[in-house]
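# Topology and contacts: notes
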Amino acid sequence: MSYLQDREPPKREERLSACIVYGGDLCGLAGKTRGCACMQDGERSFTQGSICLLLPGISILNSIPDNVNIVHGAVGCGACSHSQNANTRSGGNLRFGAVKDAIWVSTALNEMDVISGAETKLYNAVIEADRLYRPKTITVIASCVPGIIGDDIDGVVDQVRSQVAARVIPIHFEGFKTKIWATAYDAVYHGLARSVFEDPRFNEPIIKDDLYHERIASEKARTVNLLTVSSMGLADEQELSRYLNALDRKVNVFPNFADSDSMYKLKYASLSISTCPTHDDYLLDYLKEEHGIPHIIRHMPIGIENTSAWIRDVAAALGKSDVAERFIARETAELSAALERYKGFFKGKKVFISAGEFRALATANLLHDLGFEIAGIRSFHHDDFANVEYEKLLQTASAEIPINIANVQPFEEANLLTALKPDLFLGHWNGNSTATKLGIPSHVIYNTGLAYIGYRGAYELARRLYRQLSNPAFNKNLSQYVRLPYKKEWYAQNPFTYIKAHLDVPEGYQGTEEAGR
Amino acid sequence: MSNYIERPRYFCSLGGALSTLEALPEVIPILHAAVGCAGSIAWAQNGGSAFQVGGYCGGLHVPSSNVGERDVVFGGAERLQEQITTTLEIMDGGLYVVITGCVTEIIGDDIRAVTDEFADKGVPIVAANTGGFKGNSYLGYDIVLSEIVKQYVKKDAETKKKSVNILGVVPYMDVFWRGNLKGIRELLEKLGLEVNTFFTEKDSLADLKNSSQAALNIVLSDVYGVETAKAYEEEHGVPYITAPLPVGPTASAALLRQVAKALSLSLDVEAIVEAESRSYYKYLEPLVDLYNDADLQKYAVVVADVNYAVAVTRFLLDDLGWLPVLVQFTDLLNEEQRTQITAKLQGHGDAPSPKIVFDTNASEAIRYINELYPKRESDKYTDTISPAFVVGSSLERALALKIGAPQLSVSFPVSNRVVLDRGYTGFSGGLTLAEDLLSAAVTAR
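Rules of the game
Residues numbered from 1 in each chain as written. Chains lettered and ligands numbered in written order. Predicted model: local features only at pLDDT ≥ 70, side-chain atom pairs only at ≥ 80, totals over all residues. Heavy atoms only, no water. Helix = DSSP H or I, 4+ residues; strand = E, 2+ residues; numbered from the N terminus. Buried < 20%, exposed > 50% of the residue type's maximum accessible area, 1.4 Å probe, protein only. Contact = heavy atoms within 4.5 Å. Areas by Shrake-Rupley, 256 points an atom, 1.4 Å probe, with all protein chains shown as cover. Lys, Arg positive; Asp, Glu negative; His and termini not counted. Charge placed at Lys NZ, Arg CZ, Asp CG, Glu CD. Pairing = 2+ DSSP bridges. Axes fitted to C-alpha atoms, helices over the stretch in contact; angles between N-to-C directions. Patch = residues over 30% accessible without salt bridge, like charges linked within 9 Å, V, L, I, M, F, W, Y side chains within 5 Å. Salt bridge = Lys/Arg side-chain N within 4 Å of Asp/Glu carboxyl O. Core = buried A, V, L, I, M, F, W, Y, C linked by side-chain atoms within 4.5 Å. Domains from an automatic or database assignment. Buried area = accessible area lost by both parts, 1.4 Å probe. Polar contact = N/O pair within 3.5 Å; in protein donor to acceptor, adjacent residues only side chain to side chain. Phe/Tyr/Trp six-rings, centres within 6.5 Å; stacked < 30°, edge-to-face > 60°. Nonpolar A, V, L, I, M, F, W, Y, C, P; charged D, E, K, R; others polar. Parallel < 35°, antiparallel > 145°, perpendicular 65-115°, else oblique. Left-handed = near helix turned anticlockwise from the far one by under 90°. pLDDT = per-residue confidence, 0-100.

### Let's talk about the overall build of chain A
Across its full length, chain A carries 21 helices and 14 strands. When the backbone C-alpha atoms are referred to their principal axes, chain A occupies close to 70 × 65 × 50 Å. Taking all 517 residues of chain A together, the buried fraction comes to 61%. If you take every contact in chain A between residues at least 6 apart in sequence, the share linking residues at least 24 apart comes to 75%. As displayed, chain A offers around 19600 Å² of accessible surface, 50% of which is attributable to carbon and sulfur atoms. The average position of the 55 basic charges and that of the 62 acidic charges among the side chains of chain A differ by 6 Å.

Structure below.
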């Protein structure tokens, strides 16, 4: 059943048994696929700051054209928009031919607001923003403070809707409520689905002739939904659209940079396709339950094998398998020839990967394709969607490689990298400083200006890694003079020393306890 | 007064405190906050601090208690105690500073009680209540430095006559903080002073500890750092003066005179000023032809924080000889501060005073310009803002495009420049700013 009637989506700890604490080897994690409950209550006695769902959440909202994002919280919440604005500017320029800054404003809650509540301030802010910017949509997001003081943003939005021209979308991003920031995607989809999926009235035909339903049906049959992630740039979006076009389908791209006036069209498609299972299940389930649209959520099209598998799944659902096989054969032949010159150089080099779970695992797959040896993987959280990827990894990597589930926690990473000494590190945005300061050549695992996805992404990544590895002088030189803030003794300890023993250990569980204290 | 702040050009008080701690040598910040606070600030630096994120212990390396729903219900003091204990085991620092975010501030955790237990055992540790809703990052800078002054800086130190501390330049908010502090140190060293700038590679934790021996605190801002200077005065009896950020020859000369007077130094300041000015203008000598031939004098629009709005406007008026027509302050300021600042931006001779507005919503700048230069399409002869130049943040690129002007980003957020040791302070800093302004004006040449 859809969660849509609720004001907030459930947090992922509950909905998907997602967790953020694991330290062990691949064998341990891949072997536990019979149940994740054992990791539920894992905690660290030492933790480092990380991000919360508000950051990836508003990165999507900042990309939506003609949206004003009102951050209801302290003045620092939403400051990450300064970074995301680079994507809004360049992404908008590439797609619409004009550079525009994202518009976000803050209600900047102060001590008085904390004591007396700030619903009136928010109400007035929505009205002022509507008058000044004349946006199509206004997203009203709640950060921690309104969550604690009890401001009812849904109530305010209900009241103010009739006063403004823009469509107003309340979204809950109270950071303290969940440690799984992927809950952000559920929150965004939840907000959008509740507020902007209605058919516009102009869509209603004046005269419904005999062919009305046939026309709708044939349009639906020719259209598929492609769910993008905010870490994908236009190059990646175009690569996937190219495949879908080759299967004779029109593509609705959603939600990044999607026009809010066209979002209702998601309902008029014959299939929805995910690019990242971590992102999309919430919306896909909704589209299936409410509108009967089937979906595919299995592979992330990063890596040659994964991309081919992604295309095959789609083609099978569309009854186009023969076309797909010819397409895949031609594309992969061309790609293998192009990759030849790099493979020898990469062969046997050890690579360590750190990112969101699905992205990290899919990228491991790609790097294996390119000839690298996987030295270890860190993922920001774990849920059961990834089990299939761990199984894949078991076939290409040693069962003894370390697997670390952590909402970043670079101290564990520093320890692991010092011991493993990989030849290359691939990490998340803002997550490469550990490796760099240790002198390890490093490359960012997503940057919306670069290509990563599909066959094209495989080639472009290879080309970039070749460049990075050809002259790692920046990292090597830096490591001689700059150091990480950890004590020498820390590097001599087990990297998972600060993972506390789990509270609910099921019978027969053989996980991380030997590593824990 | 608007009910919101458009694209706030600062973080919260926690963000300002954290950024300040990240820039101090050997300091390990400990956040007692929700999980996302550190990341939010790291991403904000990533977007606005001219490609500078974190420091020795910054970014996502920062220890943080990551309080959750359970702590909101039961209190987070126990979690903080555990976090400090483990931080001391892992993190290598000379001073540990606990700062709070909104969540722990609202639930009312008594962090001082927790840190006192550690301090009693001899751990160098400080606690500061910086919960984000208290204010913006400039306030955070003052809160955390004031607490360090009260809880860490040496008591009863003997005053060193020629030693001064520099306050008011806020790391990561002033993206040129390192270069600016270096420029200030070099400027004041000309008076034979020992200059403690706290945040540069030349400074050390010992200098911070011993900063109470300074004979004078120099606050180079009309707003930022004043509270810290007051804390020094109350706790350690160090007097202070305030002055604008000294950008270019006029402001630098004024600072030298002011400091020499405050410290009753017996040296010939005018000789120093004369020599420095001579050197400054020697560099301008070969520019003379093209400065005139290319008609490089401009009308200027300045949209910036307090430090830059004042310093850049004065530099343009007094040194470069441009005509600032509009100065928009994007900080939140009280009446007294507004009056005091307005008084500093008076024109001279035939150069009129610019229009001064205090408005956090910078997209309103175009409205103020249109008020100054009403457009009447039918007029054949009409005064316009052309040739104009916009000095502000990266967000003023949109404004510059609208009025057809070149633009330079100097005030937070600076997303389109990479800053390492560049600075605009002192006599030579004026040359650097002139280079940057004029280069932006001639890129199409």
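From this point, things continue past the structure.
### Considerations on the sheet that holds strand β12 (residues 402–405) of chain A
Residues and elements named next belong to chain A. If you trace the six strands from one edge of the open sheet to the other, you get β1-β12-β11-β10-β13-β14, paired in mixed fashion. Of all the strands in the sheet, just β1 (22–25) and β14 (442–444) have a single pairing partner and so form its edges. Strand after strand, the sheet turns through a mean of 15° between neighbouring axes, direction not considered. Note that β1 and β12 share four bridges and pair antiparallel. Its bridge partner being in β12, Gly23 is matched across the sheet by Asn404. Packed onto the sheet, helix α19 (residues 454–470) meets β13 (424–427) and β14 and runs at close to 145° relative to β14.

### Section: a nonpolar patch on the surface
Together, Phe51, Val418 and Leu420 of chain B give the surface a local cluster of nonpolar side chains, amounting to about 350 Å² of exposed area. Position of Leu420 of chain B among the secondary structure elements: in the loop between β13 (407–409) and α18 (426–441).

### What about the nonpolar core?
With 119 residues, the main nonpolar core has Ile99, Ile148, Leu188, Ile218 and Leu437 of chain B as its most contacted residues. At nine residues, the largest contribution of residues to this core is made by helix α14 (residues 306–320) of chain B. Once residues lying within four places of it in the same chain are set aside, the contact partners of Ile99 of chain B are Leu14, Ala17, Leu18, Leu21, Ile30, Leu31, His32, Ala128, Thr130 and Val144 of chain B. Residues Ile302, Ile328, Leu370 and Ile445 of chain A belong to the second largest nonpolar core, which totals 64 residues.

### Remarks on the sheet that holds strand β1 (residues 5–6) of chain B
Strand order in the open sheet formed by five strands is β5(A)-β4(A)-β2(A)-β3(A)-β1(B), and the pairing between neighbours is mixed. Single-partner strands in this sheet number two, and they are β5 (167–172) of chain A together with β1 of chain B. Where helix α6 (residues 119–133) of chain A meets the sheet, it contacts β2 (67–72), β3 (103–106), β4 (137–142) and β5 of chain A together with β1 of chain B, and its direction lies at approximately 160° from that of β2 of chain A. Each of β2, β4 and β5 of chain A is contacted by helix α8 (residues 153–160) of chain A, which is oriented at about 175° to β5 of chain A, the strand it contacts most.

### Looking at the pattern of salt bridges
Taken as a whole and assessed by the stated rule, the structure comprises 60 salt bridges over all chains. For the salt bridge of Asp199 of chain A with Lys267 of chain A, the shortest nitrogen-to-oxygen distance reads 2.6 Å. Placement of Asp199 of chain A in the loop between α9 (183–195) and α10 (212–221) and of Lys267 of chain A in the loop between β7 (250–254) and β8 (271–274) is noted, with a sequence separation of 68 residues between them. Lys267 of chain A gets classed as buried once you look at its relative accessible area, which sits at 14%. A salt bridge links Glu364 of chain B to Arg367 of chain B, with the nearest nitrogen and oxygen atoms 2.4 Å apart. Of the residues examined, Arg367 of chain B reaches a relative accessible area of 40% and is grouped as partly exposed. If you follow the salt bridges from partner to partner, you end up with Glu43 and Lys500 of chain A together with Arg70, Arg79 and Glu82 of chain B in one network.

### Quick look at the domain arrangement of chain B
Residue and element names in this part refer to chain B. Segmenting chain B into domains produces domain 1 (13–151), domain 2 (160–267) and domain 3 (294–414). Centre-to-centre, using C-alpha coordinates, domain 1 lies 26 Å away from domain 2. Contact with domain 1, which involves 27 residues of that partner, is made by 26 residues of domain 2. Each partner contributes to the roughly 2200 Å² buried at the junction of domain 1 and domain 2, and carbon and sulfur atoms together form 66% of this total. Counting the surface domain 1 buries against domain 2, the share from its top three residues, Tyr138, Tyr141 and Val149, is 30%. Joining domain 1 to domain 2, the criterion identifies zero salt bridges. Applying the counting rule to domain 1 against domain 2 returns eight residue pairs in polar contact (both at pLDDT 80 or more).

### Quick notes on the domain arrangement of chain A
Residues and elements named next belong to chain A. With domains assigned, chain A is organised as domain 1 (16–45 + 211–517) and domain 2 (52–201). Each of domain 1 and domain 2 was reduced to a C-alpha centroid, and the two centroids are 28 Å apart. Tallying the contact residues gives 34 residues for domain 1 and 32 residues for domain 2. Counting the surface lost from both domain 1 and domain 2, the interface buries some 2900 Å², and carbon and sulfur atoms represent 62% of this. Notably, a salt bridge pairs Arg167 with Asp261, separated by 3.5 Å at the nearest N-O pair.

### A word on the packing of aromatic side chains
All names here are of chain A. By the definition in use, this model includes 33 aromatic pairs over all chains. Note on Phe411 and Tyr498: the rings are 6.3 Å apart at their centroids and 70° apart in plane angle, and the pair reads as edge-to-face. Taken together, the residues Phe411 in helix α17 (residues 410–420) and Tyr498 in the segment after α21 (488–491) connect sequence positions 87 residues apart. Judged on exposure class, the residue Phe411 and its partner Tyr498 are both buried.

### Looking at the interface of chain B and chain A
Counting residues at the interface gives 67 residues for chain B, matched by 72 residues for chain A. Contact between chain B and chain A buries roughly 5600 Å² in total, counting both sides, with carbon and sulfur atoms accounting for 58%. Taken together, the links from chain B to chain A amount to five salt bridges. In this structure, Glu43 of chain A and Arg70 of chain B form a salt bridge, with 3.2 Å as the shortest nitrogen-oxygen distance. Applying the counting rule to chain B against chain A returns 32 residue pairs in polar contact (both at pLDDT 80 or more). Mapped by element, the contributors of at least two residues to the side of chain B that touches chain A are β1, α2 (37–48), α3 (69–74), α4 (77–90), α5 (102–107) and α17 (397–403) of chain B. Ranked by the residues each element gives to the side of chain B that touches chain A, the list is headed by α2 of chain B, at ten residues. A class-by-class count of the residues in the side of chain B that touches chain A yields 34 nonpolar, 21 polar and twelve charged. Two strands pair when backbone bridges link them, and β3 of chain A and β1 of chain B are joined in this way by two bridges, in the antiparallel orientation. Pairing of Val105 of chain A across the sheet is with Glu6 of chain B, part of β1 of chain B.

### Details of the environment of Tyr10 of chain B
When you line up the elements, Tyr10 of chain B lands in the loop between β1 and α1 (13–23). Look at Tyr10 of chain B and you get buried, because its relative accessible area is 1%. Other than its neighbours up to four places away in sequence, Tyr10 of chain B contacts Val75 of chain A together with Ile5, Asn136, Ser137, Tyr138, Met173, Thr330, Asp331, Leu332, Thr360 and Phe412 of chain B.

### Here's the deal with the packing of helix α11 (residues 248–262) of chain B against α18 of chain B
Residue and element names in this part refer to chain B. Closest axis-to-axis distance for the α11/α18 pair is 8 Å, and the angle between their directions is 165°. The angle between the axes of α11 and α18 places the two elements in the roughly antiparallel class. Between α11 and α18 lies a crossing of right-handed hand. Taking contact as the criterion, the partners of Gly248, Pro249, Ser252, Ala253 and Leu256 in α11 are, on α18, Gly426, Phe427 and Gly430. Across the contact of α11 with α18, the residue classes tally to four nonpolar, four polar and no charged.

### Topic: the confidence of the model for chain A
Residues and elements named next belong to chain A. Averaged over chain A, the pLDDT score is 92; the fraction of residues at 70 or greater is 94%. Under a pLDDT of 50 for its full length, residues 33–41 has, in the predicted model, 21 contacts with residues more than four places off or in other chains. Contacts for the low-pLDDT stretch residues 502–517, under 50 throughout, to residues beyond four places or in other chains number 27 contacts.

### Overview of unusual backbone geometry
Most peptide bonds take the trans configuration, and most residues that are not glycine carry a negative phi. Phe254 of chain A connects to Pro255 of chain A through a cis peptide bond whose omega is 0°. Turning to its location among the elements, Pro255 of chain A is positioned in the loop between β7 and β8. Note the cis peptide between Phe412 of chain B and Pro413 of chain B, where omega equals 0°. Locating Pro413 of chain B in the fold gives a position in the loop between β13 and α18. One non-glycine residue, Glu26 of chain B, lies in positive phi territory at about 60°. Of note, Asp295 of chain B is a non-glycine position whose phi angle comes to about 50°, a positive value. Checked against the element boundaries, Asp295 of chain B lands in the loop between α13 (288–293) and β9 (299–304). Exposure remark for Asp295 of chain B: the relative accessible area of 48% places this residue in the partly exposed category.

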